[in-house]
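Close look at the chain arrangement
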Amino acid sequence: MRDKSLWQIKKEQNPGHSQWYIQRFKTMQEQGADILGEARLIDAMCARGSRILDAGAGPGRIGSYLQKQGHQVIGIDIDSELIAEAQRVCPEAQWITADLADTAEVLGYSQQDIEAPQPFDMIVCAGNVMTFLAPSTRVQVLRGFATVLGTSGRAIIGFGAGRGYSFEDFFSDVQEAGLEISQRFSTWDLYPYTSDASFLVAVLAVPST
């Protein structure tokens with residue numbers, strides 16, 4: 001049996017957590033906070049009409065923006081309440097309730113009897129999603145990203161330090177999953193990564209053969 005994600009455990013401890021999370025970003029936006037910085041970066045990195053996976057999509061904050069910019073977005077999140085909000089906000093995108101450890105299977109990339117879907121041009125995994133996974137599934141999640149990513153595609157993953165997942169452990173997991181780190185930054189506005197950085201934004205790619 002698969003271990004529960006840390007997000008699932010948090011919801012069991014506080015059943016109202018998902019609605020609090022949804023309201024948190026609504027309030028931030030109403031107060032004039034910039035909640036779309038990550039989305040603008042991803043948009044700038046993609047050709048118009050790119051196929052984008054929003055991994056750990058939450059209430060659709062990033063994916064809905066990208067869909068409205070003309071991209072083809074599929075969002076996955078383990079929390080059905082968050083996915084329901086994403087669907088409400090942006091019904092044009094495709095939203096799926098699933099564990100990120102099952103990404104390849106859910107999207108049909110592992111079915112031998114049918115043609116695999118087109119690979120993704122970009123995967124975005126923001127909002128500390130990696131730190132909410134069950135630790136035992138981290139490599140599996142990254143392997144799923146490698147499976148669905150195109151040979152020229154990229155995965156952008158961002159999370160903070162001090163959340164139970166060290167950057168060095170992440171770097172090791174990336175290598176074990178068959179991906180490579182092409183760039184590292186310490187913020188979503190691309191300040192350089194340093195050894196004492198409190199945040200990591202990693203750009204991953206499938207190694208060239």
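The model shown is predicted, which means the values in this text are computed figures rather than measured ones. (Residues numbered from 1 in each chain as written. Predicted model: local features only at pLDDT ≥ 70, side-chain atom pairs only at ≥ 80, totals over all residues. Heavy atoms only, no water.)

Quick word on the packing of aromatic side chains
So the rule is basically this: Paired rings are identified among Phe, Tyr and Trp, the last through its six-membered ring, by centres lying within 6.5 Å, and are further divided according to the angle between planes into stacked (under 30 degrees), edge-to-face (over 60) and tilted (the rest). Working definition: helices are DSSP H or I runs of at least four residues, strands are E runs of at least two. Numbering for both runs from the N terminus. Lysine NZ or arginine CZ positioned within 6 Å of the ring centre and within 35 degrees of the ring normal marks a charge as sitting over the ring.
Inspection of the entire model under this criterion finds 11 aromatic pairs. Considering the side-chain rings of Phe159 and Phe170, the 5.2 Å spacing of their centres and the 75° angle between planes classify their relative orientation as edge-to-face. Here Phe159, found in strand β5 (residues 149-160), pairs with Phe170, found in helix α9 (residues 167-176); they are 11 residues apart in sequence, far enough to count as distant. Site record: aromatic cluster; members linked through ring pairs are Phe159, Tyr165, Phe167, Phe170, Phe171 and Tyr193. One cation-aromatic arrangement involves Arg24 over Phe25; the distance from NZ or CZ to the ring centre is 5.1 Å.

Here we look at the layout of surface pockets
For the record, the criterion: The pocket and cavity definitions rest on a 1 Å grid over protein atoms only: a 1.4 Å probe that fits but cannot leave marks a cavity, an open set with protein on both sides within 12 Å along at least five of seven lines marks a pocket, and residues lining either have an atom within 4 Å of a point. Grid points are joined across faces, edges and corners, and a volume is the space filled by probe spheres set on the points. All amino acids are sorted into three groups, where Ala, Val, Leu, Ile, Met, Phe, Trp, Tyr, Cys and Pro are nonpolar, Asp, Glu, Lys and Arg are charged, and the leftover types, Gly among them, are polar.
By volume, the largest pocket is sized at about 720 Å³. In this structure, the largest pocket is lined by 40 residues; those nearest its centre are Tyr21, Ala126, Gly127, Asn128 and Val129. Elements represented by at least two residues in the lining of the largest pocket include exactly α1 (6-13), α2 (17-30), β1 (51-55), α4 (61-68), β2 (72-77) and α7 (129-132). Tallying contributions element by element places α2 first for the lining of the largest pocket, with six residues. In terms of residue class, the lining of the largest pocket is built from 23 nonpolar, seven polar and 10 charged. The volume enclosed by the second largest pocket comes to roughly 270 Å³. Along its surface, the second largest pocket is lined by 15 residues, and Gln29, Ile35, Arg61, Ser64 and Val89 are the ones closest to its centre. Looking at the lining of the second largest pocket, the elements that each hand over two or more residues are α2, α4 and α5 (80-89). Split into classes, the residues belonging to the lining of the second largest pocket amount to seven nonpolar, three polar and five charged.

Describing helix α8 (residues 138-148)
For clarity, the cut-off: Relative accessible area decides the class of each residue, using a 1.4 Å probe on protein chains only: under 20% of the type maximum gives buried, over 50% gives exposed, and in between gives partly exposed.
Of all 11 residues making up α8, eight are buried, and the element is well covered by its neighbours. Regarding α8, the residues found buried are Arg138, Val139, Val141, Leu142, Gly144, Phe145, Ala146 and Val148.

Some words on α5
In an α-helix, one full turn covers 3.6 residues, which means residues spaced three or four apart are oriented alike. Using the following cut-off: To be clear, the arc concerns the directions from the helix axis to the C-beta atoms. By the convention used here, residues are in contact when the closest approach between their heavy atoms is within 4.5 Å. Definition of a polar contact: a pair of N or O atoms within 3.5 Å, with one able to donate and the other able to accept a hydrogen when the atoms are protein atoms, and with sequence-neighbouring residues admitted only if both atoms are side-chain atoms.
All of the buried residues along α5 are Leu82, Ile83, Glu85 and Ala86. Angular distribution of buried residues about the axis of α5 spans 160°; they occupy a single face of the element. Where α5 is buried, its residues touch α1, α2, β2 and β3 (94-97). The backbone nitrogen of Glu81 has a side-chain oxygen 2.9 Å away, supplied by the residue at the start of α5, namely Asp79.

A short note on the pairing of β3
We count it as follows: One bridge is not enough; two strands pair if DSSP finds at least two bridges between them. Convention used here: a crossover is right-handed provided that the path from the first strand, over the helix, to the second strand proceeds clockwise when the strands point away from the viewer.
Relative to β3, β2 runs parallel, the two sharing four bridges. What sits directly across from Ile74, in β3, is Gln94. With α5 bridging β2 and its parallel neighbour β3, the resulting β-α-β unit is right-handed.

Here's the deal with the pattern of salt bridges
Heads up, the condition is: Here, a salt bridge means any Lys or Arg side-chain nitrogen found within 4 Å of an Asp or Glu carboxyl oxygen.
One pass over the full model with this rule turns up 11 salt bridges. One salt bridge in this structure joins Lys11 and Glu81, with 2.7 Å as the shortest N-O distance. One end of the pair, Lys11, is in helix α1; the other, Glu81, is in helix α5, with 70 residues separating them in the sequence. Between Glu85 and Lys26 there is a salt bridge, with the nearest N and O atoms lying 3.7 Å from each other. Within this pair, whereas Glu85 is found in helix α5, its partner Lys26 is found in helix α2, the two being separated by 59 residues in sequence. Glu85 gets classed as buried once you look at its relative accessible area, which sits at 11%. Each of Arg2, Asp99 and Asp102 takes part in salt bridges that share partners, so that together they form one network.

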